[in-house]
Amino acid sequence: MAMWRVLAAVSGAAVAVAAAAQPAAPAPRFAHIFADHAVVQRDRPIAVWGQAAAGASVTVRLGERSATATADATGRWRATLPAMAAGGPYTLAVDGGQSLSDIMIGDVFLCGGQSNMEFMVKQSTNAWGALQTPADPDLRYATIPDTTRAVPLADLEAPAKWQRVGPETVGDASAVCYYMARALRKSEKVPIGFINSEWGGTRIESWTSPAALAAIPRLKDGVAAVAMYGRDPAKAVAQDGARREAWWRAHDPDAAKQAAYRNADFRDAGWATLPAGAWKEAGIPALAQFEGAMWLRATLDLSAAQVAAAKTLQLGPIDQYEDTWVNGRFVGGGSVNWAWRHYDVPAGTLHAGRNVVAIRVLGGANGGGLTGAAPRGLELADGTLVPFSGAWRYRQGRAMTGETIAPAPWDVPNSLATLYNGMIAPLAPYGLKLAAWYQGESNAGEAGTYRELMTTLMADWRRTFAAPQLPFFVVQLTSYGKPSTAPGESGWAALREAQAQAVAQDRNAGLAVTIDVGDRFDIHPTQKTVVGERLARLAQVIAYGHPGLRSGPEVAGVSRRGADLVVRYRNVIGGMHTYSAGQAIGFEACAGDACRYVPGEARGDTVVLPGANAGGVTKVRYAWADAPFTNLFDGADLPAAPFERAVE
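Because the structure is predicted, anything quoted here is derived from the model rather than measured.

Draft legend 1. Expanded view of the pairing of strand E13 (residues 292–302). Across the 11 residues of E13, 10 count as buried, placing the element largely inside the fold. When E13 meets strand E18 (residues 353–363), the two strands line up antiparallel, connected through 11 bridges. Within E18, the position partnered with Thr299 by the bridge is Val356. Note that E13 and strand E22 (residues 389–399) share 6 bridges and pair antiparallel. Counted as the bridge partner of Trp295 is Arg395 from E22.

Next comes the structure, spelled out in structure tokens:
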């Protein structure tokens, strides 16, 4: 009997040890977009998802509602709660796991784009007033961190931080999105949460899914290259290095014989040294006006521990096109002069002791080479930076101007789909009331493709969020750049027209015209309150169904009447008016590509161009310039939209 007890005790201890050796099943949790203070979409079934142990049964509760799901083989689960009316706060919990507090049911907005959507409240005109506004616990926001990925993420990499709007928090919110949401909070009187997902300087292609872009023939190969980068980064980078090398050998007769400059064992003792900074600012007469090819070399002295902890090569901004090798191995190349270069260094590339970084640059228009006072060196896993050892050595190459090298398709800000993968895909299928988009500066000059891309993006986001009729509001490019003294072509004007055309073909879209609140000296105009409130005006009609017009004054047609041309407008409130003059400026009458300025007279819902029907005129343009001066508005103080239209 005693022996039986001993054996039982030993057996029980063995089971306990075995159980302790097994990893504990992960407690169920929500996807990272769900967090304390979040707002979830009212009046539609509420999708909730997250992670748990593979095969686990998961029960989620929101207030008195509950739903059950089963985690798949990867641990992902998704449940659908019944639709709820606006209200709260509630607790959102998953049995046996995470519990979130202060959850509101209301309307959720997604705001995306580049720097003018990223532009924060604290930088905007009259920010002082916004920062002094009393806290509104029913107006909340979350900002998605900048994240670029070659494949779509199933979840954000860290929990979102939802914040209630108040004097201490509102300053960091997207100004345009906040002013839109603030206006709609006042009119709709429901909780509102807005999600900021934007990245300055980026192109529309970065925000569109791989599947949607792959359906466009000219982008298919680039999308495939990004997918390869996700599967095998080293192979993709090597192939891109070969592409860039082929470009150099086709454009620079010296490229082949300079190939040895990239190698670690190349002897550069005879090269001159370059002070930190751009080569045009180095005080070297031969470089003061130089634009073309330049080789730069520097060393990193590393310990074995630093090699083991190596994370990223940090090079800061470089003017402009650059290829970089570490110990003779290509690690990356950039094509945007203001973008900071940071490259992963493949395992086995670095070693203890002396390591050589070689950079070939094509630039000089913006200083040339290593511009700005950026920290440069090898970043380690703990965030510390090992700086370069000693000075940079340089060898001047061939003078070259006007040449460009296409970026790698995963290279932000010119990437294909990578921001969708990192900053949009992880949010699906979070319920939305509407989306707002402010982007286009980085695609200016490409109007011929932008209309298709804008249409594709709107359909793509609706598909992502399972909302086929999701209202989508676009901020039209504003005024920026040198004013015109004579009619001419304008990449910004053409892109505005592409935006207008894409929106006009979409019954669930709206266009906010902002031609009157730009800044010809600053690509980031600070008057964001007006922009946000114009978006809210669109939303009240299209998203909320209030009576009103879908937009401000927009051209309905141009016709001939004797010697005159008549521009007809629709969506006019209180007739057309001109400010500070008895005539409207900014109109052009064109015979083919030959255009001339013509004055206009506002008459009700029309503008008459006296005597303009002459000289074989075929079309009329309005505000057709990068930074046009205009003075035509309707009685609601909404500006007439820019246009180009054939005469009927």
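Draft legend 2. Structural detail: the environment of Leu535. Within the element layout of this structure, Leu535 appears in helix H12 (residues 528–542). A residue is classified by how much of its surface remains accessible, and Leu535, at 0% relative accessible area, is buried. Beyond its immediate sequence surroundings of up to four residues, Leu535 is in contact with Val176, Met180, Ala436, Phe473, Val475 and Ala512.

Draft legend 3. Spotlight on the layout of surface pockets. In this structure, the largest pocket encloses a volume near 1,100 Å³. Taken together, 39 residues form the lining of the largest pocket, with Tyr229, His342, Tyr343, Trp410 and Asp411 sitting closest to its centre. It is strand E16 (residues 329–334) that contributes the most residues to the lining of the largest pocket, 6 residues altogether. Residue composition of the lining of the largest pocket, by class: 19 nonpolar, 11 polar and 9 charged. In this structure, the second largest pocket encloses a volume near 420 Å³. Every residue lining the second largest pocket is counted, 20 residues in all, and those nearest its centre are Ala500, Ala504, Leu511, Glu554 and Arg570. Sorting the residues of the lining of the second largest pocket by element identifies helix H11 (491–504), strand E25 (509–512), strand E26 (554–561) and strand E34 (643–646) as the ones contributing at least two each. Per element, the largest residue contribution to the lining of the second largest pocket is 5 residues, and it comes from H11. For the lining of the second largest pocket, the class distribution of residues is 9 nonpolar, 5 polar and 6 charged.

Draft legend 4. Focus on the pattern of salt bridges. Counted by the stated rule, this structure contains 34 salt bridges. With a closest N to O distance of 3.0 Å, Glu245 and Arg262 form a salt bridge. Taken together, the residues Glu245 in helix H7 (residues 233–251) and Arg262 in the loop between H7 and strand E12 (272–274) connect sequence positions 17 residues apart. A salt bridge links Arg568 to Glu648, with the nearest nitrogen and oxygen atoms 2.9 Å apart. With Arg568 in strand E27 (residues 564–570) and Glu648 in the segment after E34, this pair connects stretches of sequence that are 80 residues apart. Three or more residues are tied together by salt bridges with common partners; here these are Arg244, Glu245, Arg249, Arg262, Asp323 and Arg360.

Draft legend 5. Molecular detail of the packing of helix H6 (residues 220–231) against H7. At a minimum axis separation of 5 Å, H6 and H7 run at an interaxial angle of 135°. Considering the angle they form, H6 stands oblique to H7. Here H6 contributes Ala225, Met228, Tyr229, Gly230 and Arg231 to the contact with H7, which in turn contributes Pro233, Lys235, Ala236, Val237 and Gln239. Considered class by class, the residues forming the contact of H6 with H7 number 6 nonpolar, 2 polar and 2 charged.

Draft legend 6. A look at the state of the cysteines. In this structure the tally under the stated criterion is 2 disulfides. Between the sulfur atoms of Cys111 and its disulfide mate Cys177 the distance is 1.9 Å. Judged by the sign of its S-S torsion, about 65°, the cystine formed by Cys111 and Cys177 is right-handed. Residue Cys111 is found in strand E8 (residues 99–113), and its partner Cys177 is found in helix H4 (residues 175–188); the two are separated by 66 residues along the sequence. Each disulfide pairs two cysteine sulfurs, and for Cys590 the partner residue is Cys595, the sulfurs being separated by 2.1 Å. Across the disulfide from Cys590 to Cys595, rotation about the S-S bond amounts to roughly 110°, and the bridge is consequently right-handed.

Draft legend 7. Broad picture of the packing of helix H10 (residues 447–464) against H11. Between H10 and H11, whose axes approach to 8 Å, the crossing angle comes to 35°. Pair H10 / H11 crosses with right-handed handedness. The segment H10 lies against H11, with Ala447, Tyr450, Arg451, Met454, Thr455 and Met458 engaging Ala494, Leu495, Ala498, Gln499, Gln501 and Ala502. Taken together, the residues of the contact of H10 with H11 sort by class into 8 nonpolar, 3 polar and 1 charged.

Draft legend 8. Focus on the nonpolar core. Ranked by internal contacts, the top residues of the largest apolar core, which has 90 residues, are Ile33, Phe34, Trp77, Tyr430, Trp437, Met454 and Trp461. Aside from chain neighbours lying at most four places away, what touches Phe34 is Val40, Ala47, Val48, Trp49, Leu92, Leu100 and Tyr430. Counting 37 residues, the second-largest nonpolar core is a separate cluster that includes Phe194, Phe473, Leu535 and Ala543.

Draft legend 9. Representation of the packing of aromatic side chains. This structure, assessed with the given rule, holds 25 aromatic pairs. Look at Trp207 and Trp437: their rings are 6.5 Å apart centre to centre, the planes differ by 80°, and that puts the pair in the edge-to-face class. With Trp207 in the loop between strand E11 (192–198) and helix H5 (210–214) and Trp437 in strand E23 (residues 434–438), this pair connects stretches of sequence that are 230 residues apart. On the accessibility criterion, Trp437 (0% relative accessible area) is buried. Linked through ring pairs, Phe30, Phe34, Trp49, Trp77, Trp162 and Tyr430 together constitute an aromatic cluster. Sitting above the plane of the Tyr544 ring, Lys433 keeps its charged end 4.6 Å from the centroid.

Calculation criteria
- Residues numbered from 1 in each chain as written.
- Predicted model: local features only at pLDDT ≥ 70, side-chain atom pairs only at ≥ 80, totals over all residues.
- Heavy atoms only, no water.
- Buried < 20%, exposed > 50% of the residue type's maximum accessible area, 1.4 Å probe, protein only.
- Helix = DSSP H or I, 4+ residues; strand = E, 2+ residues; numbered from the N terminus.
- Pairing = 2+ DSSP bridges.
- Contact = heavy atoms within 4.5 Å.
- 1 Å grid on protein atoms, 1.4 Å probe; cavity = no way out; pocket = protein on both sides within 12 Å on 5 of 7 lines; lining within 4 Å.
- Points joined across faces, edges and corners; volume = space filled by probe spheres on them.
- Nonpolar A, V, L, I, M, F, W, Y, C, P; charged D, E, K, R; others polar.
- Salt bridge = Lys/Arg side-chain N within 4 Å of Asp/Glu carboxyl O.
- Axes fitted to C-alpha atoms, helices over the stretch in contact; angles between N-to-C directions.
- Parallel < 35°, antiparallel > 145°, perpendicular 65-115°, else oblique.
- Disulfide = S-S within 2.5 Å.
- Left-handed = near helix turned anticlockwise from the far one by under 90°.
- Core = buried A, V, L, I, M, F, W, Y, C linked by side-chain atoms within 4.5 Å.
- Phe/Tyr/Trp six-rings, centres within 6.5 Å; stacked < 30°, edge-to-face > 60°.
- Lys NZ or Arg CZ within 6 Å of the ring centre and 35° of its normal.

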